[in-house]
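Observations on the model geometry
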Amino acid sequence: MNNFSAESNIELASSTVLELKTILSDLNEPEFRAKQIMEWLARGARPDEMLNIPKTLREKLKAIPYGNADIIDVRHSKRDDTSKMLYELADGNIVEGVLMRYAYGNTLCISTQAGCRMGCAFCASTLNGRVRNLTAGEMLSEITAVEKYFPCSDSKKRTVTNIVMMGCGEPLDNYDNTLRFLQRVTAADFLGISPRNISLSTCGLVPLIYRLAEEAPHVTLCISLHAPNDDIRDKLMPVNHTYRMNELIPAAKHYADVTGRRVIFEYALVDEVNSSQECARELASRLRGINCHVNLIPLNSVEERNLKGVTRKYAYQFQGWLEKLHISATVRRELGTDIDGACGQLRNKYSGDHGGNC
Ligand code: SAH
């Protein structure tokens, strides 16, 4: 009927109105349908659900790859109002997400890759390497699928108001799809989420931080630092062998300077590794002069790894040391600890229980 295939790179979920018009003209269909289709796509509708579209056109649209991420499991935390989702992609791969509810709105943590190849010593997502990149459409579908599952009581508003790219994967290791995702998720005629409400977290792929400052809508950049010096960082994060801290920290400063946005440094406190008072001093002197904030996280111990977190009480002490040195810091709330909140944990358990391929 038509020659759209997985290889052609076309997918409905991330298409612009202009691209939809081209698709429609290739299908000998009127271009005015593009806007209608776009409105459906923003609600996560699949072709069968596009009620004002003629059945013949819906059939043609069904032959085009969609870029879906279908929710196959949801767990609710009894301790806090957090839900964790497992999504299945069209090829059977599985990724995860977390919806965190706050007074000001809801934050969705999304995945950018199935698995990860960055090899951080404490992270469950990287245990079996990278399986594949997610497409921009799949990332967008993570949002629209959640909005379908948890509809907003006010139909004029969106369920998901904030996005953090902190699920499975390294977003900058999937740069082109991440860029397209950011363009589409912020587009006024599509999901229209403000870049101010989007955080992108990276382990520190330095050249791509510079590209992001130039090419993407100015989102909040989070850098997973986790160490005050190269010796300690080398032990925790293999990426540090490629991009040293004396390249990474200036890249973070550049991003803050160019975008005018405060950069967030994430720092998971690991017992007897990076949590001494001396580490706090060294970290503070490294970060001096940068418009930044430090997010402290007591390491979430991962069964497969032999690293231990510190207590929350200790994390507050570390925060106090930084603040005395005039570095602003907070201890991140722990959410969903009863539903495997740490990244990669739920997906790994699912694969283990169900014999999945990740
Ligand atoms: N690849 C990106 C985003 C994914 S991880 C990155 O590296 O930033 C999101 C955050 O969770 C990162 O800061 C990561 O270092 C942190 N993280 C991973 N495993 C963790 C664990 N077991 N305990 C605490 N933080 C963890």
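**Examining the site of the ligand**
The immediate surroundings of the ligand are formed by 16 residues, with Glu170, Ser201, Ser224, His226 and Asn300 found nearest. Taking Ser201, its side chain carries an N or O atom lying 2.6 Å from an oxygen atom of the ligand. Alone, the ligand offers 540 Å² of accessible surface; in the complex the protein occludes 94% of this. Tallied by class, the residues present in the shell around the ligand amount to seven nonpolar, seven polar and two charged.

**Re unusual backbone geometry**
One non-glycine residue with positive phi stands out, namely His226, at about 60 degrees. With respect to the helices and strands, His226 occurs in the loop between strand 9 (220-224) and helix 7 (230-236). Using a relative accessible area of 6% as the deciding quantity, one classes His226 as buried. Here His326, not a glycine, exhibits a phi torsion of approximately 65 degrees, which is positive. Note that His326 resides in the loop between helix 11 (312-324) and strand 12 (329-331). What makes His326 exposed here is its relative accessible area of 71%.

**Regarding the side chain of Asn68**
Mapped onto the secondary structure, Asn68 falls in the loop between helix 3 (55-62) and strand 1 (69-76). There is a polar contact of 3.0 Å between the side chain of Asn68 and the side chain of Asp70. Ignoring anything within four residues of it in the chain, the contact list for Asn68 reads Arg46, Glu88, Leu89, Ala90, Glu138 and Ser141.

**Some words on the environment of Cys222**
Within the fold, Cys222 resides in strand 9. The exposure class assigned to Cys222 is buried, which follows from its relative accessible area of 3%. Residues Cys222 and Pro171 lie 51 residues apart in sequence; the distance between their C-alpha atoms is 11 Å. Residues contacting Cys222, with those up to four places away along its chain left out, are Met166, Ser199, Leu200, Ser201, Thr202, Ile264 and Glu266.

**A closer look at the domain arrangement of the chain**
Looking at the chain, the domain boundaries give domain 1 (7-62) and domain 2 (69-354). Computed from C-alpha atoms alone, the centre-to-centre distance between domain 1 and domain 2 is 32 Å. Taken together, the 15 residues of domain 1 in the interface contact 15 residues of domain 2. Roughly 1100 Å² of surface becomes buried between domain 1 and domain 2 when both sides are summed, with 44% attributable to carbon and sulfur atoms. Three residues, Ala13, Ser14 and Ala42, lead the burial of domain 1 against domain 2; their summed loss comes to 40% of the area buried on that side. Across the contact surface, domain 1 and domain 2 share three salt bridges. Notably, a salt bridge pairs Lys148 with Glu49, separated by 3.1 Å at the nearest N-O pair. For the interface between domain 1 and domain 2, the tally reads 10 residue pairs in polar contact (both at pLDDT 80 or more). Of all the secondary-structure elements, those providing two or more residues to the side of domain 1 that touches domain 2 are helix 1 (17-26) and helix 2 (33-42). Grouping the amino acids of the side of domain 1 that touches domain 2 by side-chain chemistry returns six nonpolar, four polar and five charged.

**What to know about the environment of Leu140**
Secondary-structure assignment places Leu140 in helix 4 (residues 136-149). In this structure, the C-alpha to C-alpha distance between Leu140 and Ala42, residues 98 residues apart in sequence, is 8.9 Å. The contacts of Leu140, once residues within four sequence positions are left out, are Ala13, Ser14, Phe181, Arg184, Val185, Phe190 and Leu191.

**Here we look at the sheet that holds strand 4 (residues 105-109)**
Across the sheet, which stays open at both edges, the 10 strands sit in the order 1-2-3-4-7-8-9-10-11-12 with mixed pairing between neighbours. With partners counted over all chains shown, the strands left at the sheet margins are strand 1 and strand 12, one partner each. Neighbour to neighbour, the strand axes of the sheet diverge by 20 degrees on average, direction disregarded. As paired elements, strand 8 (residues 198-202) and strand 9 share four bridges and run parallel to each other. When the sheet's bridge partners are listed, Ser199 is paired in strand 9 with Thr220. In the packing of helix 4 onto the sheet, contacts are made with strand 1, strand 2 (82-89), strand 3 (94-102), strand 4 and strand 7 (162-165), and the angle to strand 1 comes to roughly 55 degrees.

**Observations regarding the packing of helix 1 against helix 2**
Here helix 1 crosses helix 2 at 125 degrees, and the two axes come no closer than 9 Å. Considering the angle they form, helix 1 stands oblique to helix 2. Note that helix 1 runs across helix 2; the crossing there is right-handed. Each of Val17, Leu20, Lys21 and Leu24 in helix 1 lies in contact with helix 2, whose residues at this interface are Arg33, Ala34, Ile37, Met38 and Leu41.

What counts, and where the lines are drawn
- Residues numbered from 1 in each chain as written.
- Predicted model: local features only at pLDDT ≥ 70, side-chain atom pairs only at ≥ 80, totals over all residues.
- Heavy atoms only, no water.
- Near = heavy atom within 4 Å.
- Polar contact = N/O pair within 3.5 Å; in protein donor to acceptor, adjacent residues only side chain to side chain.
- Areas by Shrake-Rupley, 256 points an atom, 1.4 Å probe, with all protein chains shown as cover.
- Nonpolar A, V, L, I, M, F, W, Y, C, P; charged D, E, K, R; others polar.
- Helix = DSSP H or I, 4+ residues; strand = E, 2+ residues; numbered from the N terminus.
- Buried < 20%, exposed > 50% of the residue type's maximum accessible area, 1.4 Å probe, protein only.
- Contact = heavy atoms within 4.5 Å.
- Domains from an automatic or database assignment.
- Buried area = accessible area lost by both parts, 1.4 Å probe.
- Salt bridge = Lys/Arg side-chain N within 4 Å of Asp/Glu carboxyl O.
- Pairing = 2+ DSSP bridges.
- Axes fitted to C-alpha atoms, helices over the stretch in contact; angles between N-to-C directions.
- Parallel < 35°, antiparallel > 145°, perpendicular 65-115°, else oblique.
- Left-handed = near helix turned anticlockwise from the far one by under 90°.

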